[in-house]
Amino acid sequence: MKTSRLLFTGLALAAALLGGGCATQTVQAWQRGSLTDYTMRPDRDPLATAMAEHTWFSREASAGGRGVGGSGCGCN
Amino acid sequence: MLSRLKSFHPFLLAGLVLAGCACPVLAQPGVGESLPAWAGRGLEGALPETGGRVLLVDFWASWCAPCAESFPDLAGIHRDFSPRGVTLMAISVDKEPRAYAAFLKKFAPPFATVRDARQEYVAAVGVPAMPTTLVVGRDGKIRAVFPGYHGEKTGTALRAALEAALAEKI
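Reading the values: rules and limits
- Residues numbered from 1 in each chain as written.
- Chains lettered and ligands numbered in written order.
- Predicted model: local features only at pLDDT ≥ 70, side-chain atom pairs only at ≥ 80, totals over all residues.
- Heavy atoms only, no water.
- Disulfide = S-S within 2.5 Å.
- Buried < 20%, exposed > 50% of the residue type's maximum accessible area, 1.4 Å probe, protein only.
- Salt bridge = Lys/Arg side-chain N within 4 Å of Asp/Glu carboxyl O.
- Helix = DSSP H or I, 4+ residues; strand = E, 2+ residues; numbered from the N terminus.
- Contact = heavy atoms within 4.5 Å.
- Core = buried A, V, L, I, M, F, W, Y, C linked by side-chain atoms within 4.5 Å.
- Pairing = 2+ DSSP bridges.
- Axes fitted to C-alpha atoms, helices over the stretch in contact; angles between N-to-C directions.

## Things to note about the state of the cysteines
What we call a disulfide is simply a covalent bond connecting the sulfur atoms of a pair of cysteines.
Residue and element names in this part refer to chain B.
Point 1. Summed over the entire model, instances satisfying the criterion amount to one disulfide over all chains.
Point 2. Two residues, Cys-64 and Cys-67, share a disulfide whose sulfurs are 2.2 Å apart. Taking the torsion about the S-S bond as the criterion, the Cys-64 to Cys-67 disulfide, at about 85°, is right-handed.
Point 3. For Cys-67, a relative accessible area of 0% gives the class buried.

Structure (structure tokens):
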């Protein structure tokens, strides 16, 4: 019983440490070049955007409001 | 099972707190600190002579819109302050050499520009934003840090910081 409890404690601690480790990665200001790439733009495919817009309009009876500022480095 | 989990939650909490302590603390440029030496950091390009001069170090990138906006202002600062003992050095953090070259071709800066391709020097300085401009005194210590570029406001503040650094007697 004691061994299983110890094992469970060890596993819980290891999981917490590993999970916490994932949260410590920060994108630095100089690493944000990738975020400004064209492929990061949600509206890079006009056809897909038009189709999604049509679906949105048909199903939800609403349109517009989907546009965002595109990609960016979040510089300012 | 629930009671077992209850007895373990202090351990989970302790683990999370420990993990929080492991968060890397990034060095940020502080006023009064020495500017890290750039020798041996892999900067590509001709490094300007800085001995006995006030230094304006600008970290920029071709993908950063405010950086492009700041270049005409920096060119004006270079024109006005270079004869008075200020050296302007712009350090690009571009990994892509073509983007770097295209930016330089477009803006043709009159000041020294180098590329920190490995992003080693910028990490050593730990700039908080792009662009970040540092005013460094004749003693090699940082006098002012300007994160971001906010148009005329930043330009005026930069000029004031340079005037103050030039007025210092060392």
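And the narrative resumes.
## Considering the pattern of salt bridges
Residues and elements named next belong to chain B.
Point 1. Counted by the stated rule, this structure contains eight salt bridges over all chains.
Point 2. Across the salt bridge formed by Glu-44 and Arg-115, the nearest N and O atoms sit 2.9 Å from each other. With Glu-44 in the loop between α1 (2–21) and β1 (54–60) and Arg-115 in strand β3 (residues 112–115), this pair connects stretches of sequence that are 71 residues apart.
Point 3. One salt bridge connects Arg-143 with Glu-168, and the closest N-O pair in it is separated by 2.7 Å. Placement of Arg-143 in strand β5 (residues 142–147) and of Glu-168 in the segment after α5 (152–167) is noted, with a sequence separation of 25 residues between them.
Point 4. On the accessibility criterion, Glu-168 (27% relative accessible area) is partly exposed.
Point 5. Through salt bridges with shared partners, one network takes in Arg-79, Asp-80 and Arg-159.

## Structural notes on the side chain of Thr154(B)
All names here are of chain B.
Point 1. Among the structural elements, Thr-154 can be located in helix α5.
Point 2. Under the relative-accessibility criterion, Thr-154 is labelled buried at 7%.
Point 3. Setting aside its immediate chain neighbours within four residues, Thr-154 contacts Phe-146, Gly-148 and Tyr-149.

## Some details on the nonpolar core
Residues and elements named next belong to chain B.
Point 1. Leu-35, Leu-56, Val-57, Phe-59, Met-130 and Val-135 are the most contacted members of the largest nonpolar core, which totals 45 residues.
Point 2. Every element with two or more residues in this core is listed here: β1, α2 (65–81), β2 (86–92), α3 (97–107), α4 (120–125), β4 (132–136), β5 and α5.
Point 3. The dominant element in this core, judged by the number of residues it contributes, is β1, at six residues.

## Points about the sheet that holds β1(B)
All names here are of chain B.
Point 1. Taken in spatial order, the five strands line up as β3-β2-β1-β4-β5 in an open sheet, and their pairing is mixed. Edge positions in the sheet fall to β3 and β5, since each has one partner strand and no second. In this sheet, neighbouring strand axes are inclined to one another by 20° on average, regardless of whether the strands run parallel or antiparallel.
Point 2. Where β2 lies against β3, four bridges are found, and the strand directions are parallel. Looking across to β3, one finds that Ile-91 is bridged to Val-114.
Point 3. α3 contacts β1, β2 and β3 of the sheet and is inclined by roughly 170° relative to β3.

## Points about the pairing of β4(B)
Residue and element names in this part refer to chain B.
Point 1. Most of β4 is tucked away, with five of its five residues classed as buried.
Point 2. Note that β1 and β4 share five bridges and pair antiparallel. Opposite Leu-56, over in β4, you have Val-135 as the bridge partner.
Point 3. Summarising the sheet, β4 and β5 pair through five bridges and their orientation is antiparallel. Bridged to Leu-134 within β5 is Val-145.
Point 4. Linkage of β4 to β5, two consecutive antiparallel strands, is achieved through a turn of five residues, within which Gly-140 is found at a positive phi near 85°.

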